[in-house]
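# Structural overview
Chain by chain, the residues:
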Amino acid sequence: MSLQKKCKFQVNDLNLFYGNFQALKNINMDIHENEITAFIGPSGCGKSTFLKTINRMNDLIDGVIIEGTIKMDGVDIYSDIDVIKLRKKVGMVFQQPNPFPMSIYDNVAYGPRVHGIKKKAQLDEIVEESLKRAAVWDEVKDRLKKNALSVSGGQQQRVCIARALAVEPDVILMDEPTSALDPISTMKIEDLALELKNKYTIIIVTHNMQQASRISDRTAFFLTGDMIEYGETEQIFNNPKEKKTEDYITGRFG
Amino acid sequence: MPARLAYSVELKQIRNDVIKMGSYIEESVEKVMTALKNTNSKLAEEIMKEDDRIDELEREIERQCITIIAKQQPVATDLRKITSVMRMIADIERIADHCSDISEYIIELAKEKEIVTPLNVFDMIVAMKEMVLATIESYIEEDVEKAKWVIDQDDVVDDYFHQIKDELCIAMKHNPSQIKQYVDFLMIIKYVERMADHSTNIAGWIIFIATGKL
């Protein structure tokens, strides 16, 4: 039963401060390859902050101090890898679908172009393949030249996922990817995440606990900067070890 | 205001109804004992009639459980409580059925001119009754140790069953003219043995609620 997948990330003694405020306290965890790992917890618990440390999005914020290490495939992402290379490997999908104000085609081709691919035939192939992987190709294939902002929210979100996939990442970070979507679009994104985990490592922050229990292999529960409990999702939702986890997932607080 | 007030009220209602169902079978088991002791067919008929209220309560609790799952999506201990209750009430209802079944044989026995009650029948019923009581208490008190005691106690009732059955076989051989009432008693002790089994099942669910271990 226990899943023995390769470890993609090793997080050791991670502390993060916004000035004097400590947002993450001594986080230690292994994140496994080809799995979906969910981060849950009430607002302000540090889960999104933690997600952003994984592709170094917090670097841009003034006054942030990060201690400890995060290793991806054994490589320290804060000292031994260029941040651009890191973000190519670690893509991100946000809460609000955020396509660029350009055509669907150009959205998906944007990353590959930045990374130096110029041939039309090759770009066509990447765009088609990425949109197919993001399960949105059939819906947009006849309007690739249309502005990406003109399609529905659920389609925009999948175009954003396609855009992330186009640069061939290993990891996809999803920060509440469905909280702005209707239930049917949500289910499509969830099915997509389950499909994508065969090829990628997925880390998802979600306020929707049913979503975490439906799609993730492992769940980490955060509270006021501490990681309270981390384990296989089935165990966390059936029989959590910590009372704080139980109180949160049963809706007793939070 | 506590979080999820309506949900807490619904969970409490389910719990209260399970306890009520428990108190009904407690009464029925007690009455079965009295009816058998006095071969009181009137009391036996009363027990059979009262079975309906237990069936109704079972359906009502089942309805509440399905509704709370649909509306509130319970998880962790809450989900274990609800799924366990759905299994437990089926066992409680079976215990009540067996009270009715035994009552039918009490009515049969009441037609006999003379009744020779096998040794230990009442000791066996007392042992079963203690199990049923302890099961209900362990649910109310969420007492895992008491539930474990119930499970151990099942062997005692099983031993009584085999012992009394052997006695009845011997009695049938020696006194074939009374074979009908011996068969009636054989059926009664089988039901008593099954009631103890159902108590054991319920005790298992109580342990599952507390520990998550099946």
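To start, this report covers the structure provided alongside it.

Rules behind the numbers
Residues numbered from 1 in each chain as written. Chains lettered and ligands numbered in written order. Predicted model: local features only at pLDDT ≥ 70, side-chain atom pairs only at ≥ 80, totals over all residues. Heavy atoms only, no water. Helix = DSSP H or I, 4+ residues; strand = E, 2+ residues; numbered from the N terminus. Buried < 20%, exposed > 50% of the residue type's maximum accessible area, 1.4 Å probe, protein only. Contact = heavy atoms within 4.5 Å. Areas by Shrake-Rupley, 256 points an atom, 1.4 Å probe, with all protein chains shown as cover. Lys, Arg positive; Asp, Glu negative; His and termini not counted. Charge placed at Lys NZ, Arg CZ, Asp CG, Glu CD. Pairing = 2+ DSSP bridges. Buried area = accessible area lost by both parts, 1.4 Å probe. Salt bridge = Lys/Arg side-chain N within 4 Å of Asp/Glu carboxyl O. Polar contact = N/O pair within 3.5 Å; in protein donor to acceptor, adjacent residues only side chain to side chain. Expected span 1.5 Å × (residues − 1). Core = buried A, V, L, I, M, F, W, Y, C linked by side-chain atoms within 4.5 Å. Axes fitted to C-alpha atoms, helices over the stretch in contact; angles between N-to-C directions. Parallel < 35°, antiparallel > 145°, perpendicular 65-115°, else oblique. Left-handed = near helix turned anticlockwise from the far one by under 90°. Phe/Tyr/Trp six-rings, centres within 6.5 Å; stacked < 30°, edge-to-face > 60°. Lys NZ or Arg CZ within 6 Å of the ring centre and 35° of its normal.

### Some words on the overall build of chain A
For chain A, the count of helices and strands is 10 helices and 10 strands. Referenced to the eigenvectors of the C-alpha coordinate spread, the extents of chain A come out at roughly 55 × 40 × 35 Å. Buried positions account for 52% of the 254 residues belonging to chain A. Sequence separation of at least 24 residues holds for 68% of the intrachain contacts in chain A that already meet a minimum separation of 6. Accessible surface computed for chain A: about 11500 Å², of which carbon and sulfur atoms make up 50%. The average position of the 33 basic charges and that of the 35 acidic charges among the side chains of chain A differ by 5 Å.

### So, the pairing of strand β4 (residues 64–72) of chain A
All names here are of chain A. As paired elements, strand β1 (residues 7–18) and β4 share eight bridges and run antiparallel to each other. Across the sheet, the residue bridging to Leu 16 is Ile 66, located in β4. With antiparallel pairing between neighbouring strands as the criterion, β4 and strand β5 (residues 75–76) make up a hairpin whose turn holds two residues, including Asp 73 at a positive phi of roughly 50°.

### A few points about the interface of chain B and chain A
The interface is formed by 12 residues belonging to chain B together with 11 residues belonging to chain A. Together, the buried faces of chain B and chain A total about 930 Å²; carbon and sulfur atoms form 42% of this surface. A per-residue breakdown of the area chain B buries against chain A is headed by B:Ala3, B:Val75 and B:Ala76, which together make up 44% of the total. Here chain B and chain A share one salt bridge between them. For B:Asp78, the salt bridge goes to A:Arg252, with nearest N and O atoms at 2.9 Å. Between the two partners, chain B and chain A, sit seven residue pairs in polar contact (both at pLDDT 80 or more). Every element with two or more residues in the side of chain B that touches chain A is listed here: α1 (5–37) and α3 (76–109) of chain B. Sort the elements by how many residues they give to the side of chain B that touches chain A and α3(B) lands first, with four residues.

### Some remarks on helix α6 (residues 179–211) of chain B
In a regular helix each residue adds 1.5 Å, so 33 residues correspond to 48 Å; α6(B) covers 48 Å between its end C-alpha atoms and thus fits that length. Following α6(B) by one or two positions, B:Gly212 has its phi on the positive side, about 80°.

### Remarks on the nonpolar core
With 67 residues, the main nonpolar core has B:Val18, B:Ile61 and B:Met128 as its most contacted residues. Broken down by secondary-structure element, the contributors of at least two residues to this core are α1, α2 (41–72), α3, α4 (121–141), α5 (144–174) and α6 of chain B. Within the second largest apolar cluster, 45 residues are counted, among which are A:Tyr105, A:Val151, A:Phe221 and B:Ala76.

### A short note on the environment of B:Ile189
All names here are of chain B. Mapped onto the elements, Ile 189 comes out in helix α6. Linking Ile 189 and His 162, residues 27 residues apart in sequence, is a C-alpha distance of 9.4 Å. If sequence neighbours within four positions are ignored, Ile 189 has contacts with Val 121, Met 124, Phe 161, Ile 164, Lys 165 and Leu 168.

### Some thoughts on the sheet that holds strand β9 (residues 218–223) of chain A
Sheet strands pair by backbone hydrogen bonding; their relative direction is either parallel or antiparallel. Residues and elements named next belong to chain A. With respect to topology, six strands assemble into an open sheet ordered β6-β7-β8-β3-β9-β10, the strand pairing being mixed. The open sheet terminates on both sides in strands that have one partner only, identified here as β6 (90–93) and β10 (226–232). Strand-to-strand twist in this sheet, taken as the mean axis angle between neighbours without regard to direction, amounts to 15°. Summarising the sheet, strand β7 (residues 171–175) and strand β8 (residues 201–205) pair through five bridges and their orientation is parallel. Bridging across to β8, Asp 175 finds its partner in Val 205.

### Description of the pattern of salt bridges
This structure, assessed with the given rule, holds 36 salt bridges over all chains. The closest approach of N and O atoms between A:Lys132 and A:Glu128, which form a salt bridge, is 2.6 Å. Residue A:Lys132 and its partner A:Glu128 are located together in helix α4 (residues 120–133), separated by four residues, close to a single helical turn. The partner of B:Lys148 in a salt bridge is B:Glu145, with the nearest N and O atoms 3.8 Å apart. Taken together, the residues B:Lys148 and B:Glu145, both in helix α5 and three residues apart, mark about one turn of the helix. Through salt bridges that share partners, A:Lys6, A:Lys8, A:Glu33, A:Asp73, A:Lys89 and A:Asp170 make up one connected network.

### A look at the packing of α4(B) against α6(B)
All names here are of chain B. Two elements in contact, α4 and α6, have axes whose closest approach is 9 Å; the angle formed by their N-to-C orientations is 20°. If you check the angle between α4 and α6, you find them roughly parallel. Both α4 and α6 take part in a crossing whose hand is left-handed. Facing α4, whose interface residues are Val 121, Met 124, Ile 125, Met 128, Met 131, Val 132, Thr 135, Ser 138 and Tyr 139, α6 presents Phe 185, Ile 189, Val 192, Glu 193, Met 195, Ala 196, Ser 199, Thr 200, Ile 202, Ala 203, Ile 206 and Ile 209.

### Focus: the packing of aromatic side chains
The description of an aromatic ring pair uses the distance of the two centres, along with the angle that the planes make with each other. Using the criterion set out here, one finds seven aromatic pairs over all chains in the structure. Arranged with centres 5.7 Å apart and planes meeting at 55°, the rings of A:Phe50 and A:Phe222 form a pair that is tilted. Pair noted here: A:Phe50 is in helix α1 (residues 47–54) and A:Phe222 is in strand β9, with a separation of 172 residues, a long-range link. Through a chain of ring-to-ring contacts, the aromatic side chains of A:Phe39, A:Phe50 and A:Phe222 assemble into a single cluster. Taking NZ or CZ as reference, B:Lys37 lies 5.5 Å from the ring centre of B:Phe122, over its face. When the ring centre of B:Phe208 is taken as reference, the NZ or CZ atom of B:Arg80 above it lies at 6.0 Å.

Bear in mind that shape data such as this cannot, by itself, settle questions of function.
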